[in-house]
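Structural overview for review
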Amino acid sequence: MHSESKPLGEFDLIQRFFKTGADQMRSNSDQTIALGIGDDCALLKPAPGEEIVITSDMLVEGRHFFMGANPALLGRKALAVNLSDLAAMGAKPLGFTLAIALPKADTAWLEAFSKGLFDIANQYSCPLIGGDTTAGPLTISITAFGSAPSGKAIRRSGAKAGDEIWLSGSVGDARLTLAALRQEINLSDNELKQIEHRMHDPVPRIELGIKLRSIASAALDISDGLLGDLKHILNQSQVGAEVFLDQLPKSASLQKQSETIQKQFAACGGDDYEICFTAPTEHRDAIDVISKELHLPITRIGRITANTGPTETLQLLNNGNLLSNTETAKLLKSFDHFAK
Ligand SMILES: [Mg+2]
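For the structure given in this document, a descriptive report is provided here. Starting afresh in each chain, residues are numbered from 1 along the sequence in its written order. Totals for whole chains, interfaces and linings use all residues, but because this is a predicted model, local features are given only for residues with pLDDT of at least 70 and pairs of side-chain atoms are given and counted only at 80 or more. Only hydrogens and water are set aside; all other atoms, that is, all heavy atoms of the structure, feed into the side-chain values.

1. Details of the coordination of the magnesium ion
In this listing, donors mean N, O and S atoms no farther than 2.8 Å from the metal, or 3.2 Å for Na, K and Ca; water is missing from the atoms, so a site can look incomplete. Those protein atoms acting as donors to the magnesium ion are Asp85 (OD) and Asp221 (OD), and they sit at 2.0 to 2.1 Å. With aspartate 85 in helix H2 (residues 71–88) and aspartate 221 in strand S8 (residues 218–221), this pair connects stretches of sequence that are 136 residues apart. The burial state of aspartate 85 is the same as that of aspartate 221; both residues are buried. By the criteria applied, helices consist of DSSP H or I runs no shorter than four residues and strands consist of E runs no shorter than two, each listed in order from the N terminus. Three labels apply to residues, based on accessible area from a 1.4 Å probe with only protein chains included: buried if under 20% of the type maximum, exposed if over 50%, partly exposed otherwise in between.

Written out as structure tokens, the structure is:
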């Protein structure tokens with residue numbers, strides 16, 4: 001039993017808050033993790049014919065989350081945003097490592113954080129397989145490992161002119177929550193309660209990603225705002241796009257806001273963690289089936305066009321009317337990363 005007054009050493013800290021959870025999980029997981037915490041390195045053994053998919057994401061207090069943020073939600077979100085990247089590639093989670101800098105070894109904070117973290121880890125069968133702790137400004141860095149059948153991971157570079165652009169769930173609520181917390185917009189406590197989970201507790205679309213392996217020509221997760229992120233697909237695929245602004249899926253809460261706010265938050269608000277993907281038109285029915293199976297709305301929001309200029313062409317339409325360059329530039333300028 002640790003005395004609360006005695007400073008917690010690094011070894012004790014790992015043992016107490018992270019090793020037990022990791023061991024419990026590992027005993028339940030498949031044989032992919034040949035060796036987890038306790039050695040100098042972890043060993044991963046992918047199933048035959050599978051490729052390893054790797055992603056890293058770092059969260060810094062004061063930049064990616066507010067000072068004093070709820071540690072349980074932070075634990076959940078830190079892993080969820082990495083799993084969201086795996087989902088975007090169509091990967092199945094295998095395990096993750098955690099590097100964490102802590103200003104002090106606060107046992108109540110660590111207990112809540114590790115509980116949140118292991119709740120998500122268990123939910124997605126993604127055990128902790130290694131990591132490091134140090135003293136320093138609160139920083140959480142996770143590297144997640146997943147796998148996908150060789151050649152089946154969904155990249156950003158496969159979109160073709162004529163493909164349609166699709167989006168899971170709805171967009172804009174994380175940005176709306178941020179606006180309410182920053183008091184840029186007035187929301188009642190009740191309204192805030194209905195949407196704040198979209199910012200604090202994102203759901204990684206793992207099942208969707210796996211089902212899209214043989215359907216999507218390109219995909220990514222929306223972390224920095226739909227249009228900003230879509231541009232990565234356009235760049236990598238060397239194509240253009242038309243996006244139907246009036247078709248963007250929005251929650252009832254966002255639909256109560258002004259037209260301008262609705263458009264800006266849905267098109268450019270960050271932290272949504274939905275999957276945006278492109279697919280040939282022949283897959284419309286299959287996408288509809290996936291949407292029903294997962295009880296997850298998937299909305300067609302535009303189409304991929306041939307590139308006409310030296311850079312990718314992104315054209316925005318509202319009720320069939322093309323936005324002028326000035327209007328488009330104004331909308332894109334509203335891009336705003338959380339806590340910038
Ligand atoms: Mg991403």
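Following the structure, the description resumes.
2. Here's the deal with helix H3 (residues 107–123)
Every helix has an expected span of 1.5 Å times one less than the residues it contains. In this model, H3 (17 residues) spans 24 Å end to end at C-alpha, consistent with the 24 Å of a helix rising 1.5 Å per residue. Among the residues making up H3, those that are buried are Thr107, Trp109, Leu110, Phe113, Ser114, Gly116, Leu117, Phe118, Ile120 and Ala121. Where H3 begins, the side chain of aspartate 106 points an oxygen toward the backbone nitrogen of alanine 108, at a separation of 3.1 Å. Directly beyond the C-terminal end of H3, a positive phi value near 50° is found at serine 125. Pairs of N or O atoms are called polar contacts if they sit within 3.5 Å, as long as, within protein, a hydrogen donor faces a hydrogen acceptor (for residues adjacent in sequence, only side-chain-to-side-chain pairs).

3. Side note on the pattern of salt bridges
The salt bridge criterion pairs a side-chain nitrogen of Lys or Arg with a carboxyl oxygen of Asp or Glu, the two atoms within 4 Å. Enumeration over the complete set of coordinates arrives at 14 salt bridges. Here glutamate 242 makes a salt bridge to arginine 303, at a shortest N to O gap of 3.0 Å. Residue glutamate 242 is found in strand S9 (residues 240–244), and its partner arginine 303 is found in strand S11 (residues 298–305); the two are separated by 61 residues along the sequence. Across the pair lysine 263 and glutamate 259 runs a salt bridge, and its minimum N-O distance is 4.0 Å. Pair noted here: lysine 263 and glutamate 259 are both in helix H10 (residues 259–268), with a separation of four residues, about one helical turn. Given the relative accessible area of 21%, lysine 263 is considered partly exposed. Taking the relative accessible area as the measure of exposure, glutamate 259 reaches 54% and is therefore exposed. The network of salt bridges with common partners includes Glu164, Arg284 and Arg300.

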